[in-house]
Amino acid sequence: MSRFVERHPAWALISIIAIAVGLWLVFAIWPPGLEEAIGRKRVFLNAVFNGITLGGLYFLVASGFTLIFGLMRNVNLAHGSLYLFGGYVGYAISTATGSWVLGFIVAFILTAMVGVLLQLIVFRRMEGQDLRQTMVTIGLSIVFADLMLWACGGDFYQIQTPNWLIGPMELPLVTAIKSSGEPVYLRYPMVRLVIFAASVVIGVAMWLVLNRTRVGMIVRAGVDDRDILAATGVRIQLVFVAVFAFGAGLAGIAGVVGGTFQSLSPGEDIRFLLASLVVVIVGGMGSIPGAALGALIIGLAEQLGSVYIPTYAIVVTFLIMVLVLAIRPQGLLARR
Amino acid sequence: MSLAHDSRITVRPAALAQRPARIWPEINHPAAWIVAVILLIMPLIANGFFLIEIFASTLILGTMALSLMFLAGYGGMVSLMQLTIAGFSAYMVAVFGVSGNANISLGWPWWLAVPMALALATAFGTLGGALAVRTEGIYTIMITLAIGAAFYYFTNQNWAIFNGHTGINTVATPHFWGVNWRADIPFYYIVLAVAALCYFAVEYLSRAPFGLALQGVRDNPRRMAALGFNVNAHRVAAYAFASFIAALAGVLQVWNYRQISPGSVSVGACIDVLIIAVVGGITRPIGPFIGALIFVLLRTFALDFLVRIGLDGNRFRLLIGLGFLAIVFWSSDGVIGLWQRWRQHRGADRSGGGRRHG
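Residues numbered from 1 in each chain as written. Chains lettered and ligands numbered in written order. Predicted model: local features only at pLDDT ≥ 70, side-chain atom pairs only at ≥ 80, totals over all residues. Heavy atoms only, no water.

1. Some details on the overall build of chain B
Part 1: Regarding its fold elements, chain B presents 16 helices and 2 strands.
Part 2: Residues counted as buried form 51% of the 358 residues belonging to chain B.
Part 3: Considering only contacts within chain B whose residues lie at least 6 apart along the sequence, 74% involve residues at least 24 apart.
Part 4: With an accessible surface of roughly 16300 Å², chain B has 68% of that area assigned to carbon and sulfur atoms. (Helix = DSSP H or I, 4+ residues; strand = E, 2+ residues; numbered from the N terminus. Buried < 20%, exposed > 50% of the residue type's maximum accessible area, 1.4 Å probe, protein only. Contact = heavy atoms within 4.5 Å. Areas by Shrake-Rupley, 256 points an atom, 1.4 Å probe, with all protein chains shown as cover.)

So this is what it looks like as structure tokens:
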């Protein structure tokens, strides 16, 4: 952090000012002129919260993608299919048993199993052949998409939020002052906050495991130089299978989250594949903190964009990607 | 890493050495003449449906895939935005030319609108390429895919220029010298002429100094840079050329369907172009056209075929996907590779190590 400030004082200053302005916009009571200029504070806060929680969802999808790529150089363009598959499984389980949490568990296990199969059948045979992996996973995503369309049809599915999470939650953030002088607090859907908290917990746990445990050390060593790691006697294929299963399982969990926040339908697989691509391009391939930062930036840009400049919301996301590529082609937090 | 580099350096010269021996092999080959004659007299043997729905569609899709083949086969850059460039060009024809939507279309005559569309689409593709060449390999695929997706969602949301998800309908087609050039037979010949032009341009360029330098860049960018070639400039120039081909195909596409909508620039369609090029074979310019023919035939007849053998007719994409998977698994060089291997195999049986030609 301090090195970044030393090396890029101008960028550091700009980001500090931007963060300060952002915090002021969130916490302060807006003066009347500002509300007239850019709209109600409630709208702004909702967009910010939607952006952050959407960022949490993007992080779940993209972290699995980036983990798999970082360690194994496996380009899994069927990652979006795993997301959608997890979502459908979660929907089926949670409607059949009525248990939302069980949906997560089963979705994780089943997508992880699909991931193991993919690793064993496809990727192990094509180690180091980026282009072929890409082609094969594109082919697989087409086949999966059609199979899921066959099984589930073209309908929209929404996973029922459990009773204990339904309803809004009052946050200690003032959106406006009533004429009587009474403050109005922001109300926000509880389920989104809980899921966001859960994805933060998952992210922190992943970071801790990667940086503080022996397993994490093996994985990080594999990212840096897997040949030497294999030569030291680590059973690297086992590590690969485990990491692939975990990354795929994360995509499955994200599918259940996405089915609760939004809806599941054909085409969502490509949408989330692209979201995770953009997130990891912005954040840096193979970096978990990069995925978190990228997901936050893209989620916020998408939601704020769709509130304030609806026609160009997609273009804003894209411009961010272009800007990052122009300044740091390897992504914001990539090491190389 | 260094091992891989060494092996590549020793293998490539052998492959390159036999190149100059065949200057225009496809022309000297009798099969090529037969195909050319059949294509020329096609209107005599095929009815309107086959002429336009099968052969003109094949040639248009093949030309789009040809632009991808040029980038991937000679430049080593797999770009998934070639359809996006074609779609952009098609949109520009609709915007600058005459269409049913008078609020958007500027109403220029076709001979002004088409060059404008070509120029803008080429500029768009070159800009995208300039962005994509900053990265390599797999990243190029991802970035071009992201560009394609951004364009798709943008056309869906933008009503001022792209008319949202309805798109632009009843685009006018050229009509001069007393000929309606969109009538089946003239249109077929226009498409054939453009496709042939693009095909020979790619064939020629692959042997011209620029093409050879590009292939050098593909095989070993660091060595080419050390020899004094500007690697990135070559790559961006390749994108510019490929974008122009894709833009030509886009103009034909919008004339063919007389309308353009976000559905025709969707991500799935972008990936279809990659499938076409890979299934046909991305090492030679004829590959994309073979792939396009297979794709169009499947798209047109898979439904009937699947119903006839007692399956659900809607599983066309499943069939495409499985076929694509099979090709990628067993032949890295598409149908051409399979054909060559079969020829080689047979030649080896007959004459004991006969050499393939072409």
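Now that the structure has been shown, the text picks up again.
2. Things to note about the pattern of salt bridges
Part 1: Summed over all chains, the structure comprises 3 salt bridges over all chains.
Part 2: Between A:E268 and A:R271 there is a salt bridge whose closest N-O contact spans 3.3 Å. Residue A:E268 and its partner A:R271 are both found in helix α12 (residues 268-283); the two are separated by 3 residues, about one turn of the helix.
Part 3: You can call A:E268 buried: its relative accessible area is 11%.
Part 4: Between B:R207 and B:E203 there is a salt bridge, with its nearest N and O atoms 2.9 Å apart. Residue B:R207 and its partner B:E203 are both found in helix α9 (residues 184-207); the two are separated by 4 residues, about one turn of the helix.
Part 5: We classify B:E203 as buried; its relative accessible area is 5%. (Salt bridge = Lys/Arg side-chain N within 4 Å of Asp/Glu carboxyl O.)

3. A closer look at the packing of aromatic side chains
Part 1: Under the defined criterion, the tally for this structure stands at 22 aromatic pairs over all chains.
Part 2: Centre to centre, the rings of A:F108 and A:F246 are 6.3 Å apart; their planes meet at 65°, and the pair counts as edge-to-face. Remark: A:F246 occurs in helix α11 (residues 236-261) and A:F108 occurs in helix α6 (residues 100-121); sequence separation between them is 138 residues.
Part 3: Accessibility expressed as a relative area gives 26% for A:F108, which makes it partly exposed.
Part 4: Centroid distance B:Y199 to B:F200: 5.2 Å. Interplanar angle 75°. Geometry classified as edge-to-face. (Phe/Tyr/Trp six-rings, centres within 6.5 Å; stacked < 30°, edge-to-face > 60°.)

4. Section: the interface of chain B and chain A
Part 1: Listed as interface residues are 34 residues of chain B and, on the opposing side, 39 residues of chain A.
Part 2: When the two sides are added together, the surface that chain B and chain A hide from each other amounts to roughly 3500 Å², 81% of it contributed by carbon and sulfur.
Part 3: Together, B:I138, B:M142 and B:F329 form the three largest contributors to the area buried by chain B at its contact with chain A, with a combined 18%.
Part 4: Taken together, the connections running from chain B to chain A amount to 0 salt bridges.
Part 5: Our count for the contact surface shared by chain B and chain A stands at 3 residue pairs in polar contact (both at pLDDT 80 or more).
Part 6: Examining the composition of the side of chain B that touches chain A, we find that 13 residues originate from one element, helix α8 (residues 138-157) of chain B, more than from any other.
Part 7: Of the residues contributing to the side of chain B that touches chain A, the split by class is 25 nonpolar, 5 polar and 4 charged. (Buried area = accessible area lost by both parts, 1.4 Å probe. Polar contact = N/O pair within 3.5 Å; in protein donor to acceptor, adjacent residues only side chain to side chain. Nonpolar A, V, L, I, M, F, W, Y, C, P; charged D, E, K, R; others polar.)

5. Comments concerning the confidence of the model for chain B
Residue and element names in this part refer to chain B.
Part 1: Model confidence for chain B is summarised by a mean pLDDT of 79, while 88% of its residues fall at 70 or above.
Part 2: Below pLDDT 50 for its whole length, residues 1-23 participates in 10 contacts with residues either more than four positions away or in separate chains.
Part 3: Considering only residues more than four positions removed or in separate chains, one finds that residues 352-358, a stretch of pLDDT under 50, has 12 contacts.
Part 4: The ipTM, which scores confidence in the relative placement of chains, is 0.76 for this predicted complex, and the corresponding pTM is 0.82. (pLDDT = per-residue confidence, 0-100.)

6. Side note on the packing of helix α7 (residues 130-152) of chain A against helix α13 (residues 267-280) of chain B
Part 1: Between α7(A) and α13(B), whose axes approach to 11 Å, the crossing angle comes to 120°. What the angle tells us is that α7(A) and α13(B) run oblique. Of the two possible hands of crossing, α7(A) and α13(B) adopt the one that is left-handed. Two secondary-structure elements touch here, α7(A) through A:M135, A:I138 and A:I142 and α13(B) through B:I271, B:L274, B:I275 and B:V278.
Part 2: Among the residues making up the contact of α7(A) with α13(B), the classes are represented as 7 nonpolar, no polar and no charged. (Axes fitted to C-alpha atoms, helices over the stretch in contact; angles between N-to-C directions. Parallel < 35°, antiparallel > 145°, perpendicular 65-115°, else oblique. Left-handed = near helix turned anticlockwise from the far one by under 90°.)

7. Considerations on the environment of A:V101
All names here are of chain A.
Part 1: Among the structural elements, V101 can be located in helix α6.
Part 2: Assessed through its relative accessible area of 42%, V101 is described here as partly exposed.
Part 3: A sequence separation of 196 residues divides V101 from I297, and the C-alpha atoms of the two residues are 29 Å apart.

8. Focus: unusual backbone geometry
Part 1: Non-glycine residue B:R258 carries a positive phi angle of around 60°.
Part 2: By the element assignment, B:R258 lies in the loop between α12 (231-257) and α13.

9. Focus on empty space enclosed by the protein
Part 1: The tally for this structure, following the rule as stated, stands at 2 cavities of 30 Å³ or more.
Part 2: Counted as a void, the largest cavity has a volume near 50 Å³.
Part 3: Contributing to the lining of the largest cavity are B:M64, B:L83, B:A86, B:G87, B:A90, B:G250, B:Q253, B:I260 and B:S264.
Part 4: Mapped by element, the contributors of at least two residues to the lining of the largest cavity are α6 (82-96) and α12 of chain B.
Part 5: If you tally residues by element for the lining of the largest cavity, the top one is α6(B), at 4 residues.
Part 6: Considering only residue class, the lining of the largest cavity consists of 5 nonpolar, 4 polar and no charged.
Part 7: Lining the second largest cavity, in full, are A:V280, A:I281, A:G284, A:M285, A:L325, A:P329, A:Q330, A:G331, B:T135, B:Y139 and B:I143.
Part 8: Where the lining of the second largest cavity is concerned, the elements lending two or more residues are α12 of chain A together with α8 of chain B.
Part 9: The residue makeup of the lining of the second largest cavity, split by class, is 7 nonpolar, 4 polar and no charged. (1 Å grid on protein atoms, 1.4 Å probe; cavity = no way out; pocket = protein on both sides within 12 Å on 5 of 7 lines; lining within 4 Å. Points joined across faces, edges and corners; volume = space filled by probe spheres on them.)

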